[in-house]
Structures are given as C-alpha cells and as structure tokens.
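Listed below are the residues making up each chain.
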Amino acid sequence: RQTGLTALDYGFVNTSSTRSAITYIDGEQGILRYRGYPIEELAEHSTYLEVAWLLMYGELPTADQLGEFDEKIRRHTLLHEDLKRFFSALPHTAHPMAVLSSAVAALSTYYEDSSDPHDPDHVELTTIRLLAKMPVIAAYAHKKSIGQAFLYPDNSLNFVENFLRLNFGNMAEPYHIDPTLAKALDRLLILHEDHEQNASTSTVRLVGSTGANLYASISAGIQALSGPLHGGANEAVLQMLAQIRDSGEGVGKFVERVKRKEDGVKLMGFGHRVYKNYDPRAKIVKTSADAVLEGLGVNDPLLDIAKELEQFALEDDYFKQRRLYPNVDFYTGVIYKAMGFPTRMFTVLFAIGRLPGWIAHWREMNLDGGTKIGRPQQLYTGSPERHYPMH
Ligand code: CMC
C-alpha cells in the first residue's frame, strides 16, 4: 500500500467514489434526472417536498404519503428557545452560510439521544427535523443580519410560504404571500435538490462514512457548498454583474480580462465539471428569469448585463474551446434579488434546495449500502527516511 499502487486523480475527475441510484447526469447531452424523472418535468409539475420524498425514498409519494410528510415537517418547525439565543452570540455581519452551518451543527446538541446514524427511526426523525428547521435557521440568519425580530413559524402555511414569511414578514403587520414568488422559489429549490457527487454531497458522504450523525454531515456539506467554485458562485455572479455595471468597463472588456486570466478573474456562473454542453437547470432558470421579474414588477439592468455577458461568451473561442456554458448559478441570483433576498442569502437558498439531496445520499450510504469509511490514498512526495539529529 505505498507509492505506485494508487492512481493519481486530482479533483476526482476520473474516479467514481460510489454507486448511486439517485440522480443521473449526462454532461454531454445536458440531461439531468432525479430517480429517472427529467428535471424539466419535475420543475414544471412537482413541488419541493414531493421531490424531496422522491429523492430520499426512490418513488413519487402517494397523496397520503405526501400529506403525512408535509404534516410532520410542519410539526417540527419550532427551534428550541435556547438555540434562538445562539444567534445573539454571533456578529450581525456574520455570513449567513457560516451561521447556518454552525446552527445546524448546534442542532445536534439538542437531539443527542435521537440522532444515532445506525438507527432508522432516529434517521427518519432527524430527516424531518432538518427539513423543518433548516429553513427557519436560514430565515433567522437573514433577520439577524438586518436587525429584525425573529418570527415564529406559521404552520398553517406550506413549506415555501412559511419560509417567505419568516424572511420577509414582520411583527407589525400581516404578511401577504405572493403566489408568483412562492411558485418561482419552489421551482428554483427543485432545480437545486440534487446533483449526484458534487463537492458538498461528497463531503456529506465522507463525513457520514465515519459514523458521524446526519447533523454533523449536513453542517459540513453547508461549509463545502459555501465556496465560490460551488454554491457560493451564485453570490459571486451578482457581485460580478454589479461590478461590471458600477465600473462601467463594459462586458467586452471584462471578458477580455477573464480570457487573460488577469488576477485569476473568472466568469462566475460559467463552466461545469460535468456539463460540457449546457446545464439543463440553467436553461430553465434563464427562461423563467424574465417571467419572474415581470411577474414581480421588477426591472433589473443586471439581468440585461447577464444576458449580454452570456451572448458574448457563447460566441467567443476561449469559451467555445473549453466548452464553458452558463451553469445553474448564472441567472438564479438575479431572480433571488428580485424576490428581495440580500446577496449573502443566495447560497443559503441553494443549501435549502440541496438539503434533500444531501440527506438522500447520506441515507443511501448509511441505510441501504453499508458504510465503508471514505479514505482516499495519496502519492507521497516528501523526504525519504531521515533521522532526528542527536546533539
Ligand atoms: N471562467 C473562465 N475560465 C474558466 C471558467 C470560468 N468560469 N471555468 C473554467 N475555465 C477555464 C479554466 O481556466 C481552464 O482553462 P485552461 O484549460 O486554459 O487552464 C478550463 O476552462 C477548464 O477549467 P477547469 O477549471 O479545469 O474545470 P473544472 O471542471 O475543474 O472546474 C468549475 C469546474 C465549475 C469549478 C469552473 O468551471 C469554475 O470555476 N467556474 C466558475 C465558478 C462557478 O460558476 N461554479 C458553479 C458551478 S455549478 C453549481 C455548483 O456546483 O455549485
């Protein structure tokens, strides 16, 4: 088991780490299916919770199963009052992704006696708790950042409606749900629900493979997602678009800087390890961006810059040769912004979207597949044996 016996595969470009029956991707043809169902059909006709069930249990739920699942999640939305005080210990400037990850890790301290990763009942309960409480934590991270009071969840509302109210409602007046907004957010969440062995899902699996509980694994997944090459790209895209607008340098000059790799600048929201054609999620997001902004009565010049940038890049040899196309993160930020979310919440929305996928993979590994601890090999390049100097 030493040098020479392992293949070196930086970034796991050619190595499968597992078998999985959850999500199918064909990067050449731009195909994405959850449990066999095309993403386009699910985005059009399903809901976040129905897709969550599909991912975790393998089949679409019956109406009764979905109703029971929804009901259970509604019953678990409250956070322990002590956990709510946890937010006060963090600065209001804290990035909501850091708050989310920390608070999800902290959740486990309240449920130590019911989070055994090898007990299917515990896993079931933890699954429900995470789906119910993570959106509440996310909304509180948002409220904390803008100095507003936390609202209690309203369990008469559905998953997305409740989340919107927790983010945008306040104590002083009733919050009116905008159905266009709720539908659009539900659709975006569906698009993010799973994406097979991406960096954060692989992290969740790796942490879970050690026998750590689901809270710990999801907390680690959130941290992995926060990076700008992964989920953090949606935040970075908006910063990039705003910078192009504010600097007045124009799309053409910006693209030239990207091509020169000046200061490592990249076209954020472009490129993908697997999709070498077009990210099918990006296609759906792009087509809904105009409709959603119009439905919300928002006219954002950043959307025009994004479209111009895409057009410019798609016609440019640098991007064509490297097969770089818009990914899911390219247009989502403009929509989240129109919905009223601050830029720093964008990746948190991605995390809520991805949660069912993370759980599905963790469950597939721990409950169905039997765990083998994840332990990559290395090729040692250091010093040969040498001896501590005896003075
Ligand atoms: N802008 C400019 N050049 C790029 C970009 C980009 N966005 N992406 C890749 N390239 C270039 C890269 O510099 C390299 O060029 P060269 O051959 O001259 O060295 C070539 O294209 C191949 O790129 P790579 O870095 O080897 O590709 P990868 O598969 O390792 O990385 C990626 C994939 C998504 C990390 C990368 O495309 C990237 O950094 N994109 C921008 C960040 C982003 O949008 N991330 C979100 C990904 S999708 C949602 C998610 O997973 O969270």
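Keep in mind that this is a model prediction, so the values were computed, not measured. (Residues numbered from 1 in each chain as written. Predicted model: local features only at pLDDT ≥ 70, side-chain atom pairs only at ≥ 80, totals over all residues.)

Engineer: How would you sum up the overall build of the protein? Please name residues and give values.
Structural biologist: In terms of helices and strands, the protein carries 17 helices and three strands. If you line up the protein on its principal axes, its C-alpha atoms span 75 × 60 × 50 Å. The contacts of the protein with a sequence gap of at least 6 include a subset with a gap of at least 24, amounting to 77%. (Helix = DSSP H or I, 4+ residues; strand = E, 2+ residues; numbered from the N terminus. Contact = placed C-beta atoms within 7 Å.)

Engineer: Requested: an account of the pairing of strand S1 (residues 23–26), with residues and values cited.
Structural biologist: A one-sided burial pattern is seen for S1, the buried positions being Thr23 and Ile25 and the unburied ones Tyr24 and Asp26. In the sheet, S1 pairs with strand S2 (residues 31–34) via four bridges, with the strands oriented antiparallel. Residue pairing for S2: Ile25 is matched across the bridge by Leu32. In this antiparallel pair of consecutive strands, S1 and S2, the connection spans four residues, and Gly30 shows a positive phi of 70 degrees. (Buried ≥ 20, exposed ≤ 12 C-beta atoms within 10 Å, placed from the backbone. Pairing = 2+ DSSP bridges.)

Engineer: Just give me the short version of the site of the ligand, but keep the residues and values in it.
Structural biologist: Surveying the vicinity of the ligand reveals 20 residues, the closest of which are Ala233, Lys266, Gly271, Arg273 and Asn327. Class assignment of the residues belonging to the shell around the ligand gives a composition of eight nonpolar, eight polar and four charged. (Near = placed C-beta within 6 Å. Nonpolar A, V, L, I, M, F, W, Y, C, P; charged D, E, K, R; others polar.)

Engineer: Just give me the short version of the domain arrangement of the protein, but keep the residues and values in it.
Structural biologist: Considered domain by domain, the protein is made up of domain 1 (12–227 + 346–369) and domain 2 (233–339). The interface of domain 1 with domain 2 comprises 21 residues on the first partner and 23 residues on the second. Broken down by secondary-structure element, the contributors of at least two residues to the side of domain 1 that touches domain 2 are S2, helix H1 (39–45), helix H8 (179–192) and helix H17 (346–369). Ranked by the residues each element gives to the side of domain 1 that touches domain 2, the list is headed by H8, at seven residues. By residue class, the composition of the side of domain 1 that touches domain 2 is 13 nonpolar, five polar and three charged. (Domains from an automatic or database assignment.)

Engineer: Tell me about the pairing of S2, and name the residues and values.
Structural biologist: A one-sided burial pattern is seen for S2, the buried positions being Leu32 and Tyr34 and the unburied ones Ile31 and Arg33. With two bridges connecting them, S2 and strand S3 (residues 37–38) associate as antiparallel partners. What sits directly across from Tyr34, in S3, is Tyr37. Hairpin remark: S2 followed by S3, antiparallel, with two residues in the connecting loop; positive phi at Arg35, about 50 degrees.

Engineer: Help me get a handle on the environment of Ile352, residues and values and all.
Structural biologist: Summarising the element assignment, Ile352 is placed in helix H17. Given 25 C-beta atoms within a 10 Å radius, Ile352 is considered buried. The sequence separation of Ile352 and Ile190 amounts to 162 residues, and the corresponding C-alpha distance is 10.0 Å.

Engineer: Go over the packing of helix H6 (residues 120–146) against helix H7 (residues 159–168), please, and point to the residues and values.
Structural biologist: The axes of two packed helices give the description: the angle between them and the distance between them. At a minimum axis distance of 8 Å, the contact between H6 and H7 shows a crossing angle of 20 degrees. Here H6 is positioned roughly parallel relative to H7, judged by the angle of their axes. In the crossing of H6 with H7, the sense of the turn from one axis to the other is right-handed. Residues Pro135, Val136, Ala139 and His142 of H6 form the contact with H7, whose own contacting residues are Phe163, Leu166 and Asn167. Across the contact of H6 with H7, the residue classes break down as five nonpolar, two polar and no charged. (Axes fitted to C-alpha atoms, helices over the stretch in contact; angles between N-to-C directions. Parallel < 35°, antiparallel > 145°, perpendicular 65-115°, else oblique. Left-handed = near helix turned anticlockwise from the far one by under 90°.)

Engineer: Kindly report on the UniProt feature "active site" (unreviewed entry) in the protein, identifying the contributing residues and their values.
Structural biologist: According to UniProt, the feature "active site" (unreviewed entry) maps to His272 and Asp329 in the numbering used here. Taken along the chain, the residues just named run across 58 residues; in space they keep tight, none of their C-alpha pairs more than 10.6 Å apart. Mapping His272 onto the fold places it in the loop between helix H12 (251–259) and helix H13 (280–295). Residues contacting His272, with those up to four places away along its chain left out, are Asp279 and Asn327. We classify Asp329 as buried; it has 29 C-beta atoms within 10 Å. Each residue touching Asp329, except ones within four places of it in the same chain, is listed here: Ala233, Asn234, Val237 and Gly269. (UniProt positions renumbered as here; feature names shortened; annotations may be inferred.)

Engineer: How would you explain the sheet that holds S2 if you had to name every residue and give the values?
Structural biologist: Taking strand neighbours across the sheet as the criterion, the three strands line up as S1-S2-S3 in an open arrangement whose pairing is antiparallel. Taken across any chain shown, the strands that pair with only one partner, and hence form the sheet edges, are S1 and S3.

Engineer: Break down helix H2 (residues 48–57) for me, with residues and values.
Structural biologist: Extensive coverage of H2 is indicated by the burial of eight of its 10 residues. Residues of H2 that are buried: Tyr48, Leu49, Val51, Ala52, Trp53, Leu54, Leu55 and Met56. Trailing H2 by a residue or two, Gly58 shows a phi angle of about 95 degrees, which is positive.

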